[in-house]
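# Architecture and fold: a report
Okay, here's what each chain looks like letter by letter:
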Amino acid sequence: MTDYITLLKKHNLKATFQRINILEIVDKNGHIDIDGIYEQIKQKLPTISLATVYKNILSMTQSGVLVEVPIVGKKSKYELKKADHIHLVCTKCGDVEDKDCIDITNNALMALTSKESFELDTRQINLYGICKKCKQAS
Ligand SMILES: [Zn+2]
Ligand SMILES: [Zn+2]
């Protein structure tokens, strides 16, 4: 299990009980939206409000503990910050799948950014479409 207290402190955030619980839920689910986090955290902290959950997610996203994955037409999902990877996002069911960056994508990004004299730091690549499950169901 990830040491959430150390993770929060590394990003200059106080390791509150609420934040630790949110990180635990996000970690367990991989990618999850605010409503999903709220549903699950209420079981442990019944008095917590959606606004509090939202505020904590915002501060953890701004400080780089969490990463927001925007989904067209749906609520964003959040994940723990990990090594750069590619997302396959289903616009129908909202499912998000992680794919590793491979040489061919890295080479294309390096070629593109170096041509612009742009110093590449973080890559977030979201590819949108219909997943296998939704395609089979239709
Ligand atoms: Zn789908
Ligand atoms: Zn991801």
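So, a few notes on the structure that sits alongside this text. (Residues numbered from 1 in each chain as written. Chains lettered and ligands numbered in written order. Predicted model: local features only at pLDDT ≥ 70, side-chain atom pairs only at ≥ 80, totals over all residues. Heavy atoms only, no water.)

A word on the sheet that holds strand β5 (residues 96-100). Taken together, the three strands give an open sheet; going across it, the order is β5-β4-β6, and neighbouring strands pair in mixed fashion. Taken across any chain shown, the strands that pair with only one partner, and hence form the sheet edges, are β5 and β6 (125-129). Adjacent strand axes in the sheet meet at a mean angle of 25°, parallel and antiparallel pairs treated alike. As judged from the five bridges shared by strand β4 (residues 85-90) and β6, these two strands associate in the parallel manner. What sits directly across from Cys90, in β6, is Gly129. (Pairing = 2+ DSSP bridges. Helix = DSSP H or I, 4+ residues; strand = E, 2+ residues; numbered from the N terminus. Axes fitted to C-alpha atoms, helices over the stretch in contact; angles between N-to-C directions.)

This part is about the pattern of salt bridges. Here the structure, examined in full by the defined rule, presents seven salt bridges. Between Lys44 and Glu24 there is a salt bridge, and its shortest N-O distance comes to 3.3 Å. Residue Lys44 is found in the loop between α3 (34-42) and α4 (50-62), and its partner Glu24 is found in helix α2 (residues 17-29); the two are separated by 20 residues along the sequence. In this structure, the salt-bridge partner of Arg123 is Asp84, at a minimum N-O distance of 3.0 Å. Here Asp84 lies in the loop between β3 (77-80) and β4 and Arg123 lies in the loop between α5 (103-115) and β6, a separation of 39 residues in the sequence. Given the relative accessible area of 23%, Arg123 is considered partly exposed. One salt-bridge network, in which partners are shared between bridges, spans Glu79, Lys82 and Asp98. (Salt bridge = Lys/Arg side-chain N within 4 Å of Asp/Glu carboxyl O. Buried < 20%, exposed > 50% of the residue type's maximum accessible area, 1.4 Å probe, protein only.)

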